[in-house]
Amino acid sequence: MQNKGFVKVFALLLTLVCVFYLSFSFVTTYQMNKVDEITKTQGEEAGAHYLDSVMNNPVWLGAYSLKDCREMEISLGLDLKGGMNVILEVSVPEVVKALADHKEDPAFNKAVAKAAEGAKNSQSDFITLFVKEYKALAPDGNLAELFATQQLKGKVTTKSSDSEVEKVLRAEVQSAIDNSYNVLRTRIDRFGVVQPNIQTLEGQMGRIMVEMPGVKEPERVRKLLQGSANLEFWETYNTEEIIPFLATLDTRLAAEHAAIAENDTAKADTTAMAELTPAEKVDATDSTKKAPVKDLAAALKGNSGTPAEKAGAAVDEQAMKNHPLASVLQFAQGPMGCVVGYASWRDTATVNRYITSAVAKEVLPSDLKLYWGVKPVGSGNMGDIFELYAIKITERNGRAPLEGDVVTEAKDDYEQNGRPCVSMTMNSDGARRWAALTKKNVKRAIAIVLDGYVYSAPTVQNEITGGVSSITGHFTLEDTRDLANVLNTGKMPAPAHIVSEQFVGPTLGQESINQGITSFVIAFILLMIYMCGMYGLIPGMVANGALILNFFFTLGVLTSFQAALTMSGIAGMVLSLGMAVDANVLIYERTKEELRAGKTVRAALSDGYSNAFSAIFDSNLTSIITGIILYNFGTGPIRGFATTLIIGILVSFFTAVYLTRIVYEHFLNKEKWMNLTFTTSLSRKFLHDTHYKFMSSYKKSFTIFGVLLVVGIASLFVRGLSKGIDFTGGRNFVVVFEKQVEPETVRTLLQNKFGDANIQVIALGTDHQTVRISTNYRIDEEGTEVDSEIEATLFETLKGGGLLSSDLDLQTFINRDERAGGSIISSEKVGPSVAEDITYGAIVSVVLALIAIFLYILLRFRNVAFSVGAVVALTVDTLLIIGAYSICWGWVPFSLEIDQTFIGAILTAIGYSINDKVVVFDRIREFLHLYPNRDRQRLFNDSLNTTLTRTINTSLTTLVVLLCIFFLGGESIRSFAFAMILGVVIGTCSSIFMAAPVAFLTMGQRIKENDSEMK
């Protein structure tokens, strides 16, 4: 074996990289277990202190804090950890209207409306459609007349051509989208989500995907993400002007708390004296309602489950009674500009409650606003520390005296002392107002506020004229770049709204983890047993060792890419293990052939690896091609599956082809393992020396395939398919009931309430307590309250029908982690425009996969007959799988909806099926070179027979894996496994009975039905 040293060095480096990245998961687990231990033995407050102390201090390798370790550990997807996946769409039509200063031109507004409607059903973007519609409505119109506005001054003039205006519009729209991305990133970071994922969707103008593992409050997240960004420049109060008011507020709050405590004590005593009368029970309830909220830090954080959140502010209880505000907000001392206090992030919600209370409205100046800084200014035992700024309202309408729409350009720069800053330029109106504002506030701070958070509050040294100034502060270079981007775009011209949403409760996520681990372990054990049973203990264990390394490397590389591990990803990993066995099977089968030819074990292994290489390479590369197409056209779980599958295939190629060979050569060089036969008593005669006449039975096989195709296609016309919301648009709710329910009962109740909307209800599992409700009710409506209203309607309808507990309330019903009395455990929403894009992407991805495979086979085999045979057989495979879904949906005990996961299964089945066909064609190519004078039909038959053992063994090992996923992997992945099982069975048959005969006929050959005609 050549380059053995390189393989060893690469394997060692890969091992070290995987150990390094996987170590963060172990460190995080160790530290969190230590927090739990301290909490149990010393109390929650001690646990919270320890967590805050290690969060920002090195705990691993002297350089990585616990916060760093949590960001670099294995990231779990939403279906495993629970959480929310959202696709937001910035309203491009509103952006365009704003850029035109909302002109009343009839042709302009009609073009915008028609383009917005057309974008829902077209693959062209809004800008293209708008320009087309406007030119159709106003042939003599000029886009420059619409967009030569103050906002686009210097970019569009009255002499600009339509193409120049279109280019500017695209740039401005993209700028607004980038600004939305930055605003959303800041909001999510402030929300406190661990390992969030936010990205703009390529090729989908205006769409941003956000994944937030672990969140439990969908309504709060919807409001957080859909609010408009607003850039403002505010006058401020000096520190010494506001501190006396805060001290007075602290005193008044202490007095009020003391009065409430006395009132609560008196009511408790009254209840104890007369406890069985209804009146006292009402009093006791009322007193409970008036009790102060215990912990609002958890509400700010969005997760009340961790010790840090449960502990609340770690301050002396007596101090909290005597100084409620001062105990959680450290008042600023001395001249601090407009900063009036500091607070730990865990106390900011409590401070917010105090400064917005009724008492605060009486004490604080009416023209005062208090805003938090966007970034922590430091950290300590209490966690990250944030500044509180005093903003002064000077305008009658309550708005800022200057807003972001006056900024024409901003760029990141450096001060004279070399520190990063932001320089900005305003338009003429902004320059005039900025000069007046700075002249009025010399030696005072002006706060730059975005979305309610202070980004900077520089002190004005003198009047700034000309509209050019700089913003300084505690900035890094990345900070100034982000702030410059925010200033360049300013206030978002249009809000973003949710067009797709998926929410999974954490309990459901834990169930997915358990099911995924179970299916993986059992599949792995069965594969190990199968390999040892078919090829002997030593060859079997070498192959199994390669599988273990394959799993280790795949997990390590996946972690290094910061890719989230999802249930689909686990399925991809399990399937890649099944496909990894294929390489070992190919090598062992070729080695057995060489041994039967009389070669020694050393020579047979060498030739076995060499002869199997081309088939392994080609089959793996075709699978990678389908994986790349899956990744580019899929979203969410499909991308997770594709990522894991591609990594698994690359790693399996390395471990099976190179590492196992090094192991064999190591022992053979020591004169060990010299008597290996790669057979057992079970496999010695298994499909050995077969002489089946596959080619001459082509008419029978074509007839059977033809009948199945006719039946499947007829079912597609008669029954159709059960389309999921990915293709129709709508909402899915998975609801768990306490009692057994029938889907028809649920559907009837909802149909009466939802009117003409489509309603589908299917049972999940066999316990008759879990159903999935799918509906397009109000799917075209936008707004932050629509989703909440639909959840409330669903709750009222089900409770009114007696399907939920009588004492169940709405908050418990929509709590994804609460199942008492019945609740929603997961939900999903897909808007009509997203559904249209998914449909288009699904069709394109399947067609592209077939075209790519056709071209690759043509390139590798240099014969169009092999390409035609492969693509015809793959097309038949695809149509038969789709036909089977059409025939079976509605009566099998699991969902057969056509969704993105199904498309992923189709593409994966195509990638797997082509493996079989490539191996057969590779053997045909080899025989054509070795036996150029042999009868072609006999040569094809010999090729099919010599690869038959490999074909059956690979199919059986993959079926073992898929059956484990199907029965043990959980409801969410069962439909995928079913499609793959069909793909393996149908693909194996088509490789033998369809691909080879079609290729043979395409070569212009005639298949002889009488074997005696062959030479």
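Bear in mind that the values here come from a model prediction, so they are computed numbers and not experimental data. (Residues numbered from 1 in each chain as written. Predicted model: local features only at pLDDT ≥ 70, side-chain atom pairs only at ≥ 80, totals over all residues. Heavy atoms only, no water.)

Caption draft 1: View of the overall build of the protein. Helix and strand content of the protein: 35 helices and 24 strands. When burial is assessed residue by residue, the protein has 53% of its 1015 residues classed as buried. Partitioning the intrachain contacts of the protein with sequence separation of at least 6 by distance along the chain shows that 74% fall at a separation of at least 24. Looking at the protein as shown, the accessible area adds up to about 44200 Å², and 57% of this sits on carbon and sulfur atoms. (Helix = DSSP H or I, 4+ residues; strand = E, 2+ residues; numbered from the N terminus. Buried < 20%, exposed > 50% of the residue type's maximum accessible area, 1.4 Å probe, protein only. Contact = heavy atoms within 4.5 Å. Areas by Shrake-Rupley, 256 points an atom, 1.4 Å probe, with all protein chains shown as cover.)

Caption draft 2: A look at the pairing of strand β7 (residues 231-236). Counted residue by residue, β7 has six buried out of six residues, so it is predominantly covered. Neither face of β7 is exposed, since L231, F233 and E235 on one face and E232, W234 and T236 on the opposite face are all buried. As defined by bridge partners, β7 adjoins strand β16 (residues 446-450) across five bridges and the pair is classed as antiparallel. In the sheet register, L231 faces β16, and the bridge partner there is L450. Here β7 pairs with strand β13 (residues 402-403) via two bridges, running antiparallel. By the bridge assignment for β13, F233 is matched with L402. (Pairing = 2+ DSSP bridges.)

Caption draft 3: Just a nonpolar patch on the surface, in detail. A cluster of nonpolar side chains, contributed by I517, V521, I522, I525, L526, I529, L963, F967 and L968, occupies part of the molecular surface with about 770 Å² of accessible area. Broken down by secondary-structure element, the contributors of at least two residues to the nonpolar patch are α20 (506-535) and α34 (948-968). With six residues, α20 is the single largest residue contributor to the nonpolar patch. On the secondary structure map, I529 appears in helix α20. (Patch = residues over 30% accessible without salt bridge, like charges linked within 9 Å, V, L, I, M, F, W, Y side chains within 5 Å. Salt bridge = Lys/Arg side-chain N within 4 Å of Asp/Glu carboxyl O.)

Caption draft 4: Examining unusual backbone geometry more closely. Of note, K443 is a non-glycine position whose phi angle comes to about 70°, a positive value. Tracing the backbone shows K443 in the loop between α18 (428-440) and β16. Accessibility expressed as a relative area gives 56% for K443, which makes it exposed. The phi angle at R862 is positive, at roughly 55°, despite the residue not being glycine. Relative to the helices and strands, R862 resides in the loop between α30 (832-861) and α31 (864-888).

Caption draft 5: Inspection of the sheet that holds strand β18 (residues 468-471) at higher detail. Pairing within the open sheet is antiparallel, and its three strands lie in the order β14-β15-β18. At either end of the open sheet lies a strand with only one pairing partner, and these are β14 (407-414) and β18. For this sheet, the mean inter-axis angle between neighbouring strands, taken without regard to orientation, is 25°. In this structure, β14 lies alongside strand β15 (residues 420-426), joined through seven bridges in antiparallel fashion. Bridge pairing links V407 to M426 in β15. Sheet strands in contact with α18 are β15 and β18, and its direction is about 115° off that of β15. (Axes fitted to C-alpha atoms, helices over the stretch in contact; angles between N-to-C directions.)

Caption draft 6: The arrangement of the pairing of strand β23 (residues 770-775) in detail. Burial analysis of β23 places six of its six residues in the buried class, the great majority of the element. Alternating positions in β23 separate into two faces, T770, R772 and S774 on one and V771, I773 and T775 on the other, with burial throughout. Note that strand β21 (residues 730-736) and β23 share six bridges and pair antiparallel. Looking at β23, one finds that V735 is bridged to V771. Here strand β22 (residues 759-763) pairs with β23 via five bridges, running antiparallel. Pairing of I762 across the sheet is with R772, part of β23.

Caption draft 7: Main features of the packing of aromatic side chains. Counted according to the given criterion, the structure contains 37 aromatic pairs. Ring centres 5.6 Å apart and planes at 65° place the aromatic pair F233 and W434 in the edge-to-face group. Taken together, the residues F233 in strand β7 and W434 in helix α18 connect sequence positions 201 residues apart. Comparing F233 with W434, the two get one shared label, buried. (Phe/Tyr/Trp six-rings, centres within 6.5 Å; stacked < 30°, edge-to-face > 60°.)

Caption draft 8: Representation of helix α33 (residues 936-946) within the structure. Here α33 lies mainly inside the structure; eight of its eleven residues are buried. Within α33 the residues assigned to the buried category are Q937, L939, F940, N941, D942, S943, L944 and N945. Sitting at the head of α33, D935 places a side-chain oxygen 3.0 Å from the backbone nitrogen of Q937. (Polar contact = N/O pair within 3.5 Å; in protein donor to acceptor, adjacent residues only side chain to side chain.)

Caption draft 9: Focus on the packing of helix α5 (residues 92-99) against helix α7 (residues 126-137). Interhelical geometry of α5 versus α7 gives an angle of 55° and a closest axis separation of 10 Å. Between α5 and α7, the angle is such that the two are oblique. Relative to α7, α5 is oriented so that their crossing is right-handed. In this structure, α5 uses V92, P93 and V96 to contact α7, whose residues at the interface are F126, I127 and F130. (Parallel < 35°, antiparallel > 145°, perpendicular 65-115°, else oblique. Left-handed = near helix turned anticlockwise from the far one by under 90°.)

Caption draft 10: Highlighting the pattern of salt bridges. Summed over all chains, the structure comprises 33 salt bridges. Residue K155 pairs with E172 through a salt bridge whose shortest N-O separation is 2.8 Å. Taken together, the residues span a long stretch of sequence, with K155 in the loop between α8 (143-147) and α9 (162-191) and E172 in helix α9 at a distance of 17 residues. Under the relative-accessibility criterion, E172 is labelled buried at 19%. Here R444 and E241 are joined by a salt bridge, their closest N and O atoms 2.9 Å apart. In this pair, R444 is assigned in the loop between α18 and β16 and E241 in helix α11 (residues 239-273), connecting sequence segments 203 residues apart. The exposure class assigned to R444 is buried, which follows from its relative accessible area of 19%.

Caption draft 11: A look at the confidence of the model for the protein. Counting all residues, the mean pLDDT for the protein is 80, and 84% of those residues have values of 70 or more. Residue range residues 268-315 is modelled with pLDDT below 50. Its contacts to residues more than four positions away, or to other chains, number 73 contacts. (pLDDT = per-residue confidence, 0-100.)

Caption draft 12: Structural context of empty space enclosed by the protein. For the structure shown, the criterion picks out ten cavities of 30 Å³ or more. When its volume is computed, the second largest cavity comes out at roughly 80 Å³. Lining the second largest cavity are 13 residues; nearest its centre among them are L586, R590, V919, R923 and T947. Per-element accounting of the lining of the second largest cavity gives the leading share, four residues, to helix α22 (residues 567-596). The residue makeup of the lining of the second largest cavity, split by class, is four nonpolar, three polar and six charged. (1 Å grid on protein atoms, 1.4 Å probe; cavity = no way out; pocket = protein on both sides within 12 Å on 5 of 7 lines; lining within 4 Å. Points joined across faces, edges and corners; volume = space filled by probe spheres on them. Nonpolar A, V, L, I, M, F, W, Y, C, P; charged D, E, K, R; others polar.)

Caption draft 13: Structural view of the nonpolar core. Among the nonpolar cores identified, the biggest contains 130 residues, and Y588, I881, Y885, F902 and F921 are the most heavily contacted of them. Sorting elements by how many residues they give to this core places helix α35 (residues 971-1002) first, with 17 residues. Residues in contact with Y588, not counting those within four places in the same chain, are M531, Y535, P539, V542, A543, Y664 and F678. (Core = buried A, V, L, I, M, F, W, Y, C linked by side-chain atoms within 4.5 Å.)

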